[in-house]
Amino acid sequence: MDRVSRTPPHPEVSQIALQQVLEAVVDPVRRSIVAQLDAAGHDIKCGDFDLPVSKSTATHHFTVLREAGLIRQYYVGTARLNALRRADLDEALPGLLAAITR
């Protein structure tokens, strides 16, 4: 299986909606994922986050964040990495990410 087919779908910048982003970050675990990505300043493997939930629950939280347009997920080898979509969010919803991560 090649990298393209393993990469999950992500919304285009024009599809990032305020309501969906706000619904995603209302959960404290998802806010923690966003905050950890922001503080790290680099992409993080799913298993390297400090989360108080099971692996399957964490997978759900990553999916919600990805579908809302907050994170981009991709594979390097067998590891799924997560990147904060800072530029895309700033284009779609200027200033919102800065307010969330403050």
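Sequence positions are assigned chain by chain, starting from 1 and proceeding in written order. Local features are withheld for residues below a pLDDT of 70 in this predicted model, meaning they are given only at 70 or higher, and side-chain atom pairs are given and counted only at 80 or more; totals for whole chains, interfaces and linings count all residues. With hydrogens and water excluded, all non-hydrogen atoms of the structure serve as input to the side-chain values.

**Overview of the overall build of the chain**
For step 1, the next point in the chain: Helical segments are the DSSP runs of H or I of at least four residues, strand segments are the runs of E of at least two, and each set is numbered from the N terminus. Assigned secondary structure in the chain consists of 6 helices and 3 strands.
For step 2, the next point in the chain: The atom set for the radius of gyration is the C-alpha atoms, and the globule formula is 2.2 Å times the number of residues raised to the power 0.38. Its C-alpha radius of gyration of 13 Å places the chain within 12% of the 13 Å reference for a compact globule of 102 residues.
For step 3, the next point in the chain: Principal axes of the C-alpha set define a box for the chain whose edges measure 35 × 30 × 20 Å.
For step 4, the next point in the chain: Remark: exposure states derive from per-residue accessible area (1.4 Å probe, protein chains only) relative to the maximum for the residue type, with buried under 20%, exposed over 50%, and partly exposed in between. For the chain, the proportion of its 102 residues judged to be buried stands at 38%.
For step 5, the next point in the chain: Contacts: residue pairs with any heavy atoms within 4.5 Å of one another. If you take every contact in the chain between residues at least 6 apart in sequence, the share linking residues at least 24 apart comes to 64%.
For step 6, the next point in the chain: Charge counting treats Lys and Arg as positive and Asp and Glu as negative, with His and both chain ends excluded. Each charge is placed at NZ for Lys, CZ for Arg, CG for Asp and CD for Glu. Separation between the mean location of the 12 positive side-chain charges and that of the 12 negative ones in the chain comes to 4 Å.

**Looking at the sheet that holds strand β1 (residues 44–45)**
For step 1, the next point in the chain: Here, a strand pair is defined by DSSP locating no fewer than two bridges between the strands. The 3 strands lie next to each other as β1-β3-β2, forming an open sheet whose pairing is antiparallel. Each end of this open sheet is capped by a strand with a single partner; those strands are β1 and β2 (71–76).
For step 2, the next point in the chain: Across 2 bridges, β1 lies against strand β3 (residues 79–84) in antiparallel orientation. Each bridged residue has a counterpart across the sheet, and for K45 the counterpart in β3 is L81.

**Some thoughts on the pairing of β3**
For step 1, the next point in the chain: Most of β3 is tucked away, with 5 of its 6 residues classed as buried.
For step 2, the next point in the chain: Summarising the sheet, β2 and β3 pair through 6 bridges and their orientation is antiparallel. Across the sheet, the residue bridging to V76 is A79, located in β3.
For step 3, the next point in the chain: Connecting β2 to the next strand, β3, in antiparallel fashion are 2 residues, including G77 with a positive phi near 65 degrees.

**Regarding the nonpolar core**
Inside soluble globular proteins, nonpolar side chains tend to come together where they are buried.
For step 1, the next point in the chain: Nine residue types can take part in a nonpolar core, namely buried Ala, Val, Leu, Ile, Met, Phe, Trp, Tyr and Cys, and a core is a set of them joined through side-chain atoms within 4.5 Å. The biggest cluster of nonpolar side chains holds 22 residues, and the ones touching the most others in it are I33 and L70.
For step 2, the next point in the chain: For this core, the secondary-structure elements that each account for two or more residues are α2 (18–25), α3 (28–40), α4 (55–68) and α6 (96–101).
For step 3, the next point in the chain: Among residues more than four places away in sequence, those in contact with L70 are V21, A24, V25, L65, A83, L84, R85 and L89.

Function cannot be read off these values alone, since they describe shape.
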